Amino acid sequence: MASKAPDGKIGGTGRFSQDEKRRDSDHVSFLKHKGFRWAWIALALCVTAAAGYLLIDQQPRPNGGSWYGYTLGTIGFGLIIWLSLLGVRKRRINPGAWSLKAWTSAHVYLGLSLVVIGTLHTGFQIGWNVHTLAYVLMLLVIATGIYGVVVYATLPQSLSANRKEMTRKQMLDALTAIERQLESAAQPLGRAEADLVIEALGQDVFAGGLIARLTARYPGCATARALAGMGGGGEARERVAGLLEKRSEQLAQIRGALRIRAMLEIWLYIHVPLTIALIAALTAHVISVFFYW
């Protein structure tokens, strides 16, 4: 009995394999794109903003309502809108100076520069209002973005080590080969033990919720239950038990890959909604500023 991929294809690769190949080539290099070009641009932007904040005489004190505060606010607003377009950019093929790698590098470093620009825009005036809400949401978006960069820079190596130089298709093929042996080896077993093996063979490799994937713990695993229920004695039982152990090990490898993949993607389920909330709060912030101008 072969294992089914989520898309219903036997040992299907699809988007999973494409994502893995893309990460293998891009997951770190975008940080070093063109000799850290965007890191230097972001640093220059931060230094210029800080110098202006310190040298320009803002009366009665630095704040978001001064002309310099409006300037920083406009720059920050423009950057946030542009940075939020990365998801749109990913759906287009555009090599060259604005390749996806260049865009992602700019997204990371210009996003970090917002910590300085946004903070200076506030003039360090924090309160319980929509302006501070937009500022806090911006910091949360940046924090989740930093987490995303860290996991993309570290977890792909763990994913490669877990696979032991096997592709996802090879892992599924190895599992299928074990299952075929199990089907044959379980023929001499009694009804109760045979039912346990059948249940294990019918187990969906990709079943399990988000918590199971993130922790790689599957308490309802039919293979583990079959292995525990296999009584001792007899050549057939020993052979089936050995094959169940191999299936369990192969499942652990596949689930390890699923866990790392979930950790690579889970942050997007926080980062993207926070970005949408930030744009909403930012819009309210801008409208209120012009309303009370």
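Use the structure listed above.
The following refers to the structure shown. (Residues numbered from 1 in each chain as written. Predicted model: local features only at pLDDT ≥ 70, side-chain atom pairs only at ≥ 80, totals over all residues. Heavy atoms only, no water.)

**Comments concerning the side chain of His285**
Link 1 in the chain: Mapped onto the secondary structure, His285 falls in helix H12 (residues 268-291).
Link 2 in the chain: Take His285: its relative accessible area is 14%, and that puts it in the buried class.
Link 3 in the chain: Contacts of His285, omitting those with residues within four sequence positions, involve His121, Val130, His131 and Ala134. (Helix = DSSP H or I, 4+ residues; strand = E, 2+ residues; numbered from the N terminus. Buried < 20%, exposed > 50% of the residue type's maximum accessible area, 1.4 Å probe, protein only. Contact = heavy atoms within 4.5 Å.)

**Some thoughts on the packing of helix H10 (residues 222-229) against helix H11 (residues 235-265)**
Link 1 in the chain: At a minimum axis separation of 9 Å, H10 and H11 run at an interaxial angle of 155°. Taken together, the axes of H10 and H11 lie roughly antiparallel to each other. In the crossing of H10 with H11, the sense of the turn from one axis to the other is left-handed. From H10, Thr223, Ala226 and Leu227 reach across to H11, where they touch Ala241, Leu244, Glu245, Arg247, Ser248 and Leu251. (Axes fitted to C-alpha atoms, helices over the stretch in contact; angles between N-to-C directions. Parallel < 35°, antiparallel > 145°, perpendicular 65-115°, else oblique. Left-handed = near helix turned anticlockwise from the far one by under 90°.)

**A few points about the side chain of Gln253**
Link 1 in the chain: Turning to its location among the elements, Gln253 is positioned in helix H11.
Link 2 in the chain: For Gln253, the side chain forms a polar contact with the side chain of Gln250, separated by 3.1 Å. (Polar contact = N/O pair within 3.5 Å; in protein donor to acceptor, adjacent residues only side chain to side chain.)

**Quick notes on the pattern of salt bridges**
Link 1 in the chain: Going through the model one piece at a time under the given rule, you end up with six salt bridges.
Link 2 in the chain: The partner of Glu193 in a salt bridge is Arg237, with the nearest N and O atoms 2.8 Å apart. Of this pair, Glu193 sits in helix H8 (residues 191-201) while Arg237 sits in helix H11, and the two are 44 residues apart along the sequence.
Link 3 in the chain: Overall, the relative accessible area of 12% leaves Glu193 in the buried class.
Link 4 in the chain: Judged by its relative accessible area of 31%, Arg237 falls in the partly exposed class.
Link 5 in the chain: In this structure, the salt-bridge partner of Glu199 is Arg225, at a minimum N-O distance of 2.6 Å. One end of the pair, Glu199, is in helix H8; the other, Arg225, is in helix H10, with 26 residues separating them in the sequence. (Salt bridge = Lys/Arg side-chain N within 4 Å of Asp/Glu carboxyl O.)

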